[in-house]
Amino acid sequence: MAEMSSCKDWKPFMAMIAIEFAFATVNILLKEVLEHGMNDLVFITYRLSISAVFLAPFGHFFERKSRPKLTVGILCCLFISAVVGTSVTQFLFLLGIRHTSATFACAFINMVPVITFMMALPFGLEKVNIKRNSGKAKVAGTLVCIAGGILLIVYKGVPLFNRSNSKSETQNHSHSTEKWTLGCIALTAGTLFWSSWFVIQSNISKRYPCQYTSTAIVTFFGAIQSAVLSLCTSRQLSIWIPKGKIEFISILYAGMIGSGLCYVGMAWCVKKKGPVFTAAFSPLVQIMAAMLDIPILHEQLYLGSLLGSITVIVGLYILLWGKDKEMQNCSSKVAQAAEDSLSRETRQQDTKEQETQLEVITVSCDSSHPRDQVA
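All figures in this text were calculated on a predicted structure; none of them were measured in a lab. (Residues numbered from 1 in each chain as written. Predicted model: local features only at pLDDT ≥ 70, side-chain atom pairs only at ≥ 80, totals over all residues. Heavy atoms only, no water.)

Asker: Explain the overall build of the protein residue by residue, including any values.
Answerer: Within the protein one finds 13 helices and zero strands. Starting at the N terminus and ending at the C terminus, the protein contains elements arranged as α-α-α-α-α-α-α-α-α-α-α-α-α. Contacts spanning at least 24 positions in sequence make up 91% of the contacts within the protein whose residues lie at least 6 apart. (Helix = DSSP H or I, 4+ residues; strand = E, 2+ residues; numbered from the N terminus. Contact = heavy atoms within 4.5 Å.)

Asker: Provide a residue-level description of the nonpolar core, including the pertinent values.
Answerer: With 61 residues, the main nonpolar core has Phe43, Trp194, Phe198 and Met266 as its most contacted residues. Ranked by residues supplied to this core, first place goes to helix α1 (residues 2-35) with nine residues. What Phe198 contacts, discounting residues up to four positions off in sequence, is Val112, Thr116, Met266, Val270, Pro275, Thr278 and Ala279. Within the second largest apolar cluster, ten residues are counted, among which are Ile74, Tyr208, Cys210 and Phe221. (Core = buried A, V, L, I, M, F, W, Y, C linked by side-chain atoms within 4.5 Å. Buried < 20%, exposed > 50% of the residue type's maximum accessible area, 1.4 Å probe, protein only.)

Asker: Describe the side chain of Thr215, naming the residues involved and giving the relevant values.
Answerer: Inspection of the secondary structure assignment puts Thr215 in helix α9 (residues 211-233). Polar side-chain contacts of Thr215 include one of 2.6 Å to the backbone oxygen of Gln211. In this structure, Thr215 is in contact with Leu55, Ser259, Gly260, Tyr263 and Val264, ignoring residues within four places of it in sequence. (Polar contact = N/O pair within 3.5 Å; in protein donor to acceptor, adjacent residues only side chain to side chain.)

Asker: Outline the packing of aromatic side chains, listing residues and values.
Answerer: The tally for this structure, following the rule as stated, stands at 13 aromatic pairs. Their ring planes at 15° and their centres at 5.5 Å tell us that Phe58 and Tyr212 sit as a pair that is stacked. Of the two residues, Phe58 sits in helix α2 (residues 40-63) while Tyr212 sits in helix α9, which places them 154 residues apart along the sequence. Using a relative accessible area of 27% as the deciding quantity, one classes Phe58 as partly exposed. One aromatic cluster is present, formed by Phe23, Trp194, Trp197, Phe198 and Tyr263 through successive ring pairs. (Phe/Tyr/Trp six-rings, centres within 6.5 Å; stacked < 30°, edge-to-face > 60°.)

Asker: Which residues make up the packing of helix α3 (residues 72-99) against α9, and what values do they have?
Answerer: At their nearest, the axes of α3 and α9 sit 8 Å apart, and the two run at 65° to each other. As for how α3 packs across α9, the hand of that crossing is right-handed. Contacts from Leu75, Leu78, Phe79, Ser81, Ala82, Val83, Thr86 and Ser87 in α3 reach Ser214, Ile217, Val218, Phe221, Gly222, Gln225 and Ser226 in α9. Its residues assigned to classes, the contact of α3 with α9 comprises eight nonpolar, seven polar and no charged. (Axes fitted to C-alpha atoms, helices over the stretch in contact; angles between N-to-C directions. Left-handed = near helix turned anticlockwise from the far one by under 90°. Nonpolar A, V, L, I, M, F, W, Y, C, P; charged D, E, K, R; others polar.)

Asker: Give a description of the packing of helix α8 (residues 177-207) against helix α10 (residues 245-273) that names residues and reports values.
Answerer: Packing of α8 against α10 leaves a shortest axis separation of 9 Å and a crossing angle of 65°. The orientation of α8 relative to α10 falls into the category roughly perpendicular. The hand of the α8/α10 crossing is right-handed. For the pair α8 and α10, the contacting residues are Trp194, Trp197, Phe198, Gln201, Ser202 and Ser205 in the first and Tyr263, Met266, Ala267, Val270 and Lys271 in the second. Residues of the contact of α8 with α10, tallied by class, amount to seven nonpolar, three polar and one charged. (Parallel < 35°, antiparallel > 145°, perpendicular 65-115°, else oblique.)

Asker: Describe a nonpolar patch on the surface, listing the residues and the values that go with them.
Answerer: Together, Met118, Leu121, Val128, Ile130, Val139, Leu143, Ile146, Ile150, Val154, Tyr155 and Leu307 give the surface a local cluster of nonpolar side chains, amounting to about 920 Å² of exposed area. Ranked by residues supplied to the nonpolar patch, first place goes to helix α6 (residues 133-154) with five residues. Within the element layout of this structure, Val139 appears in helix α6. Overall, Val139 belongs to the partly exposed group, its relative accessible area being 34%. (Patch = residues over 30% accessible without salt bridge, like charges linked within 9 Å, V, L, I, M, F, W, Y side chains within 5 Å. Areas by Shrake-Rupley, 256 points an atom, 1.4 Å probe, with all protein chains shown as cover. Salt bridge = Lys/Arg side-chain N within 4 Å of Asp/Glu carboxyl O.)

Asker: Describe the confidence of the model for the protein, listing the residues and the values that go with them.
Answerer: Note that predicted coordinates carrying low pLDDT should not be read in detail. A residue-level look at the protein finds 77% of positions with pLDDT of 70 or above and a mean pLDDT of 77. No element of the protein has a lower mean pLDDT than helix α7 (residues 167-170), at 46, and none a higher one than α9, at 89. A low-confidence stretch, residues 165-175 stays under pLDDT 50, and its non-local contacts, those more than four residues away or across chains, total 22 contacts. (pLDDT = per-residue confidence, 0-100.)

In structure tokens:
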């Protein structure tokens, strides 16, 4: 029984590791697609459309018996979730990746858990007791993580690899300062939107706990939003035609895996473990992306990106240490309360047994008394 419980506890961990690896692969493919000149919003529209079509049958067959009725309120929440979690957020991250790099963009994702934690506080999803060490660690981790984010934005630093044939040098010595700044702004906005999605998803998971159906609806709304944005920014029909095998592969993979199964998995993890736990695995994206990005695509890594990423990760795990200590304290309190309750119940039961025994003795004495009188 204990082994089964341990296996269930590990499922969210394993799911999030697989999800972050899939996201890292998506980021690498996105960078390649953008290098080939594909329109950002067209890619997002195709990606989300494929995701909706891919997930709809799963929702129909697996959740049709347990699916609650869709209300206007739930549909509004799903529409907002599409804005902050798919269409606008993906556009901002694609814009950031275009003007920086996949590894640098993943560094911004490291701030998502801390921003999610700060956003969850007003809604009561997270609490901070500054008198305890766990509360102090949460505050300290948040401040360190914010400092790392600021370092990422304001300091680029020197390149750490000397590559004469790197893409960075062949393209006018990497990105200009203006493009790098624009990429940082886009990534900052995308990080804020992405953090908001976890908080909104926490509410959706309680009101509509059907991951396949809700994700299919969200990606459907996101596809419509992206298509409208694309048509507003460009009327050229030629941008809607994929060019080359890499674009087809990237669209299919990003749609079915990146925006399909990954979103389903994250929604499930938010339901099981909460928004901060799910967001806490974000640093794995950067590590995995760097393992693919630097040796395969020959992207450059800068000192500012490295220092900022290290600072963000240190702050993140200070925050997670505080959260873990807080959960341990809560567990010990619950265990102590259960033990006290059991002790009270045992004492009450013993008292009742004693009272019952006294009543039996009293009745026995009363019943024997008339016979003595007759005698």
